[in-house]
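Spelled out from the first residue to the last, the chains are:
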Amino acid sequence: DACDTSRGSPVDLALACRSDVTIFLAQPWAPGGPRKSVPSYAAETERATARARALVESLKGRYPDARFVFVDDGALVASMKQRFEAASLPEVRAEVGRGDRTLFRDRLLGHASPRVHELAAAAWLVALYGADLDSLALSRPDVDPAAIVGPLLHARGTSRAQPDGPPPDEQGGHRTK
């Protein structure tokens, strides 16, 4: 079957090409993290997450038979920034720097460090494949993904995906239908 590429939106195109497609959405981290206070950065992240949740809900209403996966990378970075400021993220030695013991690589936009990228990838592995956070072997042995990513996923009402069970619902690393 040829896809009908005349469809307007990316969701329409994806569904025209494959009815059993799963659509992945992510909420990126807010720019300028190193220049903002923890409360300011957290508030900005919460507003962006609310907009993303509204978009997911809108898409679910418009495409009731489609499956959506949403991961809130922004909340992960905001949580890490908060933990760093509270000195409860000992493996991170500086907010900004070149090494992997930082949160951000630059002060202007706040590009993520390799450590943040790896933890965001761990969240995606949970969301997409039901990975067990406790069994992930990260390139930085001092990082405990279950301690950093796990509480965030559970605080947002998520659970680890169960391969034989129904997909989790709603936000932050879970499938929505």
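In this text the structure is predicted, and so the values were computed from the model without any measurement.

About the criteria used
- Residues numbered from 1 in each chain as written.
- Predicted model: local features only at pLDDT ≥ 70, side-chain atom pairs only at ≥ 80, totals over all residues.
- Heavy atoms only, no water.
- Helix = DSSP H or I, 4+ residues; strand = E, 2+ residues; numbered from the N terminus.
- Buried < 20%, exposed > 50% of the residue type's maximum accessible area, 1.4 Å probe, protein only.
- Polar contact = N/O pair within 3.5 Å; in protein donor to acceptor, adjacent residues only side chain to side chain.
- Core = buried A, V, L, I, M, F, W, Y, C linked by side-chain atoms within 4.5 Å.
- Expected span 1.5 Å × (residues − 1).
- pLDDT = per-residue confidence, 0-100.
- Contact = heavy atoms within 4.5 Å.
- Phe/Tyr/Trp six-rings, centres within 6.5 Å; stacked < 30°, edge-to-face > 60°.
- Lys NZ or Arg CZ within 6 Å of the ring centre and 35° of its normal.

### Description of the side chain of aspartate 12
Here aspartate 12 shows up in helix α1 (residues 10-17). Judged by relative accessible area, aspartate 12 falls into the buried class, the value being 18%. Within the structure, aspartate 12 has its side chain in polar contact with the side chain of tyrosine 63 (distance 2.9 Å).

### Structural notes on the nonpolar core
One finds Leu76, Met80, Leu89, Leu103, Leu119, Ile148 and Val149 to be the most contacted residues of the largest nonpolar core, which totals 28 residues. Counting residues per element, the ones that place at least two in this core are β2 (67-72), α3 (73-85), β4 (102-104), α4 (114-129) and α5 (145-155). Leu25, Leu59, Tyr63 and Phe70 belong to the second largest nonpolar core, which has 10 residues in total.

### A word on α4
Compared with the 22 Å implied by 1.5 Å per residue over 16 residues, the 22 Å span of α4 between its first and last C-alpha is a close match. Looking only at α4, the buried set comprises Arg115, Val116, Glu118, Leu119, Ala120, Ala122, Ala123, Val126, Ala127 and Leu128.

### Focus: the confidence of the model for the protein
As a note on interpretation, predicted positions should not be read in detail where pLDDT is low. Chain-level statistics for the protein give a pLDDT mean of 79 and a share of 81% at 70 or above. When mean pLDDT is compared element by element in the protein, strand β3 (residues 94-96) scores highest at 94, while strand β5 (residues 174-176) scores lowest at 41. Segment residues 155-177: pLDDT under 50, and 67 contacts once partners within four positions in sequence are set aside and those in other chains are kept.

### Some points on unusual backbone geometry
Keep in mind that most residues, glycine aside, have a negative phi and that most peptide bonds are trans. Unlike most non-glycine residues, alanine 87 shows phi in positive territory, near 60°. Tracing the chain through its elements places alanine 87 in the loop between α3 and β3.

### Thoughts on the packing of aromatic side chains
Under the criterion given, the structure shown has two aromatic pairs. Ring geometry for phenylalanine 24 against tryptophan 124: centres 6.4 Å apart, planes inclined by 65°, an arrangement best described as edge-to-face. Placement of phenylalanine 24 in strand β1 (residues 22-27) and of tryptophan 124 in helix α4 is noted, with a sequence separation of 100 residues between them. Ring centres of tyrosine 41 and phenylalanine 104 lie 6.5 Å apart, and the angle between their planes is 85°; this geometry places the pair in the edge-to-face category. Of the two residues, tyrosine 41 sits in helix α2 (residues 38-62) while phenylalanine 104 sits in strand β4, which places them 63 residues apart along the sequence. For phenylalanine 104, a relative accessible area of 1% gives the class buried. A cation over a ring is seen here: lysine 81 above tyrosine 41, with NZ or CZ 6.0 Å from the ring centre.

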